[in-house]
Amino acid sequence: MRDDLIAAIRERRAILFAGAGVSMTVGLPSWSTLIEQMARELGLDPKVSAEPDTNYFTLAEYYRLTKGSIGPLRSWMDRNWSIPEETLKTSRVHALIAELDFPLIYTTNFDRNLETALALHGKDFVKIVTAKDVAQARDGVTQIVKLHGDFDDDPSIVIAETDYLERLSFESPLDIKFRADALARPILFIGYSMSDLNIRFLLHRLWRTWQASGYGKDRPQSYVFMLRPNAVDEAVLEQWGIRVLTEPDCKPEEALETFLEKLAAEVEEDG
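Residues numbered from 1 in each chain as written. Predicted model: local features only at pLDDT ≥ 70, side-chain atom pairs only at ≥ 80, totals over all residues. Heavy atoms only, no water.

Novice: Help me out: how do you make sense of the packing of helix H11 (residues 173–184) against helix H12 (residues 197–213) in this one?
Specialist: Geometry of a packed helix pair, given as the angle between the helix axes and the separation of the axes. For the pair H11 and H12, interaxial distance at closest approach is 11 Å and the crossing angle is 65 degrees. As for how H11 packs across H12, the hand of that crossing is right-handed. For the pair formed by H11 and H12, the contact residues are Phe-178, Arg-179, Ala-182 and Leu-183 on the first element and Leu-202, Leu-206, Thr-209 and Trp-210 on the second. For the contact of H11 with H12, the residue count by class is six nonpolar, one polar and one charged. (Axes fitted to C-alpha atoms, helices over the stretch in contact; angles between N-to-C directions. Helix = DSSP H or I, 4+ residues; strand = E, 2+ residues; numbered from the N terminus. Left-handed = near helix turned anticlockwise from the far one by under 90°. Contact = heavy atoms within 4.5 Å. Nonpolar A, V, L, I, M, F, W, Y, C, P; charged D, E, K, R; others polar.)

As structure tokens, this is what we get:
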């Protein structure tokens, strides 16, 4: 079922697209923690973080309007979302990502954990956050593309509602790069919840790009790893040309590591 993915990884043609779930395996705070911090800084009722209708994009927009910038929140996130090197050294998930040696890693994470992990495992890489970084990237070196920005560059961070709405055009320099890269390579999405409308929008736009080209049947197969099988999501994603992969017999907290272990074993065996 995933033979083409195995071959593409072995030949360094596959793209890894990594979400917050990757860093959460080593203790990254949840989005609810971020909401609690924003509420605390804004002097709001702490119960706001428990409200099901609380949208952190809108709350972040209110934070920026009230505080004048997202800077203080970014500083707090930078301090609390950077995992110590000693912890990353023991992360099997991050070790496997380094071992699988993807030439392109896209991420919507702001933190530096992927960069730190690759450095710890002796992998050379370049970080791409702006159009300038795209132009100056070195050939043959793994690219970590920070699609929603980076803690080292406040203006690049996509966190507030306006940021997301402006990105819906899918026309920023990094979006254009992603579309170009995705035309030629299979993609493996890990660390995402399929309830995330932003990632669903991205998957849909990829599908629409191929459909509009008239060559949809020639699109490289892409994959998303899900912690739990879900027939509804599988049917919808299959329609968009995305195959769902799962480890149904694993505990959710162990599923991603187990999946990557098996993937690495298959890549090595085929090699």
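Novice: For this particular structure, what's the right way to read the layout of surface pockets?
Specialist: Remark: the empty space left among the atoms is shown by a probe the size of a water molecule rolled over them. Estimated volume of the largest pocket: approximately 1300 Å³. Contributing to the lining of the largest pocket are 47 residues, with Trp-31, Gly-191, Tyr-192, Ser-193 and Asp-196 lying nearest its centre. No other element matches H12, which puts five residues into the lining of the largest pocket. (1 Å grid on protein atoms, 1.4 Å probe; cavity = no way out; pocket = protein on both sides within 12 Å on 5 of 7 lines; lining within 4 Å. Points joined across faces, edges and corners; volume = space filled by probe spheres on them.)

Novice: Explanation requested: the environment of Asp-181 in the structure shown.
Specialist: In this structure, Asp-181 sits in helix H11. Exposure remark for Asp-181: the relative accessible area of 16% places this residue in the buried category. Setting aside residues no more than four positions away along its own chain, Asp-181 makes contact with Ile-15, Leu-104 and Tyr-106. (Buried < 20%, exposed > 50% of the residue type's maximum accessible area, 1.4 Å probe, protein only.)

Novice: Looking at this structure, I do not really get the pattern of salt bridges. What am I missing?
Specialist: Oppositely charged side chains can pair when the atoms bearing their charge come close. With the rule as written, the count across this model stands at 24 salt bridges. Between Arg-13 and Glu-11 there is a salt bridge; the shortest N-O distance is 2.8 Å. The salt bridge partner of Lys-146 is Asp-150, with a shortest N-O separation of 2.5 Å. On the basis of relative accessibility, which here comes to 1%, the residue Asp-150 falls in the buried class. (Salt bridge = Lys/Arg side-chain N within 4 Å of Asp/Glu carboxyl O.)

Novice: Just checking my understanding: could you explain empty space enclosed by the protein for this structure?
Specialist: Taken as a whole and assessed by the stated rule, the structure comprises one cavity of 30 Å³ or more. In this structure, the largest cavity occupies an estimated 30 Å³ of space. Residues belonging to the lining of the largest cavity are distributed by class as follows: five nonpolar, one polar and two charged.

Novice: Before we go on, may I ask you to explain the side chain of Ser-222 in this structure?
Specialist: Here Ser-222 lies in strand S6 (residues 222–226). Setting aside residues no more than four positions away along its own chain, Ser-222 makes contact with Pro-186, Ile-187, Gly-241, Ile-242 and Arg-243.

Novice: Help me understand the sheet that holds strand S5 (residues 187–190), please; the structure alone is not making it clear to me.
Specialist: If you trace the seven strands from one edge of the open sheet to the other, you get S3-S4-S2-S1-S5-S6-S7, paired in parallel fashion. This sheet does not close on itself; its edge strands, each paired only once, are strand S3 (125–128) and strand S7 (242–246). Direction aside, the axes of adjacent strands within the sheet are offset by 20 degrees on average. By the bridge criterion, four bridges tie strand S1 (residues 15–18) to strand S2 (residues 104–107) in an arrangement that is parallel. Residue pairing across strands places Leu-16 opposite Ile-105, the latter belonging to S2. (Pairing = 2+ DSSP bridges.)

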